[in-house]
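Summary of structural features
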Amino acid sequence: MTGEQFIDLMTKNCRRTYLIGSLENGLIAGLDLEGRLFAVHDNQVLNRVVVSAVEGRCNMTAFLNPGGDTLWPAPEGTCFGYEYGTGSWRVPPAITGAVWEIAEQDAGACTMRAEIDLINNRGLGLPCLFQRAIAVEPTSAGFVQKVVETIKYLGTQVIPEEQFILAPWSLCQFDSGPGSEIRFPWPANGDLWDLYASSEKQRRREGSFCVVDPSTPERFQLGLGASVPWIEYRFQNRFKVKRSVRDLADEPNLIDIADADPKELPSEVGTNLSCYCDPSGFMEIEGCGSSLRKLTPGSSISACISTEYTIL
């Protein structure tokens, strides 16, 4: 899909867009599409785009996943997560219906914000402001997308650590299939784990790297700890994308992001990067920041997610 076609699709379906950079090297922000970003090079959209999710609307019976690159709250499951507030998995309507606005803008950069009230799996409500400070930096072979992802607590109550976990979590989606692969430096002991069933048959060691085949008959997800500096996805012979996280927390406190039973406590693992592979033909490379130790009025937590696109 071309960038022009994507903007036209959004406009026809009453979805606002904002262009950061250009259609040669830039990002199309879906202000009425969960604030998702869609990378564009040479007028071609690089991220996964699901047309039916742009044309339709999420409701009580279905979550329509549009692709792109989005900021979500972590964790997903466990008793402190944000996807099981009703007892079964769902993306909260506060996220799918969020109204994102451009707060600041400059050449090749902008900041956008949305108020999103969260309810965790224990029923605790957290009024929040989500913010994405975005910049596009051209390179000789593509561009770098840098986003400072921030979640700010807007409540008036002090919430102690034993009652919540909340971290900025960036998920970036792509189509997958034969000829595609995921690569990252081989983790130190304990810094690689499965969030669903074992992915051992999908990965192998090549020298100092772990190589993962995203084509799979069943979903799997790898969690990677702080010893893994980056994760890279190569889409056939078209492009590769490399993601890293710079945690901006005063006191690093990486968390378990797992889609685990909402009755369970989170594990002690700390997720820095992750990759999710789905049998329907898409994958995600993900980056996660820290959680605050305590929520006080006006407190916020941020992580800088760097995503480098190289055209092959």
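Everything here concerns the structure above.
On a predicted model such as this, the values are computed, not experimentally measured, just so you know. (Residues numbered from 1 in each chain as written. Predicted model: local features only at pLDDT ≥ 70, side-chain atom pairs only at ≥ 80, totals over all residues. Heavy atoms only, no water.)

What about the sheet that holds strand β7 (residues 109-119)?
For clarity, the threshold we go by: Note: two strands are recorded as paired if DSSP finds a minimum of 2 bridges between them. Strands here mean DSSP runs of E at least two residues long; helices mean DSSP runs of H or I at least four residues long; both are numbered from the N terminus. Here an angle of 0 to 180 degrees is reported between the N-to-C directions of two axes, which are lines fitted to C-alpha atoms, with helices fitted over the stretch in contact.
The strand order across the open sheet built from ten strands is β6-β7-β8-β9-β20-β17-β16-β11-β14-β13, with neighbouring strands paired in antiparallel fashion. Edge positions in the sheet fall to β6 (101-106) and β13 (203-206), since each has one partner strand and no second. On average, adjacent strands in this sheet sit at an angle of 20° to one another, irrespective of strand direction.

A few points about the pattern of salt bridges
Test applied: The term salt bridge refers to a pairing of a side-chain nitrogen on Lys or Arg with a carboxyl oxygen on Asp or Glu at a separation within 4 Å. Here the term buried applies to any residue with accessible area under 20% of the maximum for its type, exposed to any over 50%, and partly exposed to those in between, with areas from a 1.4 Å probe on protein chains only.
Under the defined criterion, the tally for this structure stands at 16 salt bridges. A salt bridge links lysine 12 to aspartate 8; the shortest N-O distance between them is 3.2 Å. Of this pair, lysine 12 and aspartate 8 both sit in helix α1 (residues 3-12), four residues apart, which is roughly one turn of the helix. Of the residues examined, aspartate 8 reaches a relative accessible area of 38% and is grouped as partly exposed. Two residues, arginine 113 and glutamate 104, come together in a salt bridge whose shortest N-O distance is 3.5 Å. Judged by relative accessible area, glutamate 104 falls into the partly exposed class, the value being 46%. Here the salt bridges share partners, and the residues they tie into one network are Asp69, Arg132, Glu149 and Arg243.

Description of the nonpolar core
What counts, and what does not: For this analysis, a nonpolar core means a set of buried residues of the types Ala, Val, Leu, Ile, Met, Phe, Trp, Tyr and Cys, connected via side-chain atoms within 4.5 Å. Should any heavy atoms of two residues lie within 4.5 Å, those residues are counted as being in contact.
Counting 75 residues, the largest nonpolar core has Ile20, Leu126, Phe174, Ile182 and Phe184 as its most contacted members. Apart from the residues lying within four places of it in its own chain, the contact partners of leucine 126 are Tyr82, Ile116, Asp117, Leu118, Tyr153, Ile159, Leu166 and Leu295. In this structure, Phe6, Met10, Phe38 and Val40 belong to the second largest nonpolar core, which totals ten residues.

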